[in-house]
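# Chains, contacts and geometry: an overview
Residue-level listing of the chains:
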Amino acid sequence: MPPSRLDGLYRSLLLTKFFCKGWGKPENLERLFAFRKIISNRAACSQLVPRDYPVEITKEEIHSDCKILEGKFISPLEIYMPGLVPDVAQNAHFQILLPLKWNDERYKPICIHLAGTGDHYYWKRRNLIAKPLLKEANLGAIILENPFYGLRKPKEQRASSLQNVSDIFVMGGCLVLESLVLLNWCERNGYGPLGITGLSMGGHMASLAATNWPKPLVLVPCLSWSTASSVFTEGVMSHSISWDVLETQYFADGNFRERLSKMVTVVDDAFVAGKHFIQNFNQSVEELRQDIDETSDLVCGDPSTDVNLTVIRETTPEHEQKKNLIHINRSNALNLSEPLLNKLLSNVRCELTQEEIDELNVKIHLALKRHNEELQAEGGGAATSPSGSKTVLLEVKAEGKAVTPTVVPAIAPAASKSVGTKIMEYISWGSSSTADGAAAEEKRIPIDTTKQRWWEREALQFMRGMMDECTHLKNFSVPYDTSLIIAVCAKDDAYIPRDGCTSLEDIWPGAEIRYLDAGHVSAYVLHQKLFRSCIIEAFERAKKKWVPEGEQLRKQVNGARPGNSPSTTVEGDVPEGPPK
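The structure reproduced in this document is the subject of the present report. (Residues numbered from 1 in each chain as written. Predicted model: local features only at pLDDT ≥ 70, side-chain atom pairs only at ≥ 80, totals over all residues. Heavy atoms only, no water.)

Summarising burial for helix α7 (residues 201-210): 10 of the 10 residues are buried, a large majority. Here α7 has its buried residues at Met-201, Gly-202, Gly-203, His-204, Met-205, Ala-206, Ser-207, Leu-208, Ala-209 and Ala-210. Where the residues of α7 are buried, they touch β4 (110-114), α6 (165-188), β6 (194-199), β7 (218-222) and α17 (458-471). (Buried < 20%, exposed > 50% of the residue type's maximum accessible area, 1.4 Å probe, protein only. Helix = DSSP H or I, 4+ residues; strand = E, 2+ residues; numbered from the N terminus. Contact = heavy atoms within 4.5 Å.)

Let us look at unusual backbone geometry. Note the cis peptide between Gly-192 and Pro-193, where omega equals 0 degrees. One non-glycine residue with positive phi stands out, namely Leu-223, at about 60 degrees. Position of Leu-223 relative to the elements: it lies in the loop between β7 and α8 (229-233). Take Leu-223: its relative accessible area is 1%, and that puts it in the buried class.

Moving on, we come to a nonpolar patch on the surface. A cluster of nonpolar side chains, contributed by Ile-74, Ile-79 and Tyr-80, occupies part of the molecular surface with about 270 Å² of accessible area. Inspection of the secondary structure puts Ile-74 in strand β2 (residues 67-74). A relative accessible area of 41% places Ile-74 in the partly exposed class. (Patch = residues over 30% accessible without salt bridge, like charges linked within 9 Å, V, L, I, M, F, W, Y side chains within 5 Å. Areas by Shrake-Rupley, 256 points an atom, 1.4 Å probe, with all protein chains shown as cover. Salt bridge = Lys/Arg side-chain N within 4 Å of Asp/Glu carboxyl O.)

Bringing the nonpolar core into the picture now. With 95 residues, the main nonpolar core has Trp-23 and Phe-232 as its most contacted residues. Apart from residues lying up to four places away in sequence, Trp-23 is in contact with Leu-29, Asn-164, Val-165, Ser-166, Leu-246, Gln-249, Tyr-250, Phe-256, Ala-459, Phe-462, Met-463 and Met-466. Counting residues in hydrophobic clusters, the runner-up holds 25 residues, among them Ile-486, Ala-518, Ile-535 and Phe-539. (Core = buried A, V, L, I, M, F, W, Y, C linked by side-chain atoms within 4.5 Å.)

Written out as structure tokens, the structure reads:
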């Protein structure tokens, strides 16, 4: 389905630019790429955060419908990567919502909610999703403030616009380790089952964090996908990036081209292309054969192949139209120039220049002239249509000019497109002389040459490689229990394109993916209830699978799943609640 126009319109109304200060320091990026290899391995990453990591509860309030705690702790990333986290972001701030009374003392579910782009402070997540979940399912919540947002936003940063590309990797590293701190805190205080969720960017951050928890964990990523590379290079967000700044810095500093570009890899190029070719081998071969045949038709085609064109001509003062069918065989090949031929056979609609229109008219006239001469030589007289009327010479006019004879393709139902079809379908023309504007002669969309050149830029490819290197889920461990994953995606999402990206089903076998008939913005606005219902359903699965009747939560995971290191056993009595 086509990307949502609402997504594009919404993004165009936001004037903020991302990465206005460039990529960040090359030495910081190099450190982040190296650290990614550690936190993407569950066994290694889980050892970075001790089970008794210090967490300070700074505030406790009792409300009519819930208990609210607030707290903070030092982000572990600052400990392992000093100097990368801004001073204001080094303290992780969070808010906890707990029911006044648990329905079952053996079942105290809590879900961590990570923020999407632009979601500052706690109020939006608290009121739109956390409080309704508390009311509907007695489900507790931890709302973690994003680095670079809210209380953790650097003063020089404008709104949500990260200043450097490296900032988003610092944000991701912080959230992965901070989520582990909070999950350990919940387990120490007797809460469970545990889960994590988020919308948009928050959904992807939740996915990254979930890969590093060495026990069963509910995961409900909403409106995200397997990598962030498509978001910043293809989606509507890509138009909000300061590409001129990035490209200038990329070519001015040799560290980016000579060192850093060799440290990153675009994950999906070869994988998806190979998989698509295998899945569609027969169709691909047939399409290739047809393309070769069609190219031969136009340049040096097979005598047995005809090109069918229909001539529409005006025959009355009232512009009544009549159709004549003409066959152009191999002897009437158009012999078009290579640039024009490439345009006509491309897979995108295009407009022809006046010079190309003139060339096409000349070649069509010559082809028809030769065709008529052949018929006369055979004693058939002038070329006629099936109805017996004489044909006219075809003529292509530029948009907005009067058109006496107009050419349109003759297409058989459910048949593959002929060469004539391709030629006429990709030409932009119009007829101002018709009374109703001739709906069939709609304006064609021109080739976006800027975007085609854009893809060829090294800076853009470097961005793809960086984002895949640090955010692609194929580079991270598979979550402990994928049956507890319910991902919700929007079919028409223009923010997060999925074409050409490895699917979540392939990366996480056993995970469930649900699709909405909506775009990114409309899904966020209209489907909050669906997101909540998926979270509730995933927690019910965890309850049935990991909280057997009559057992304490501390016994839910004592063994090791095959292929994984043994989980840490929770010892001692389960505390009544969080520390005061």
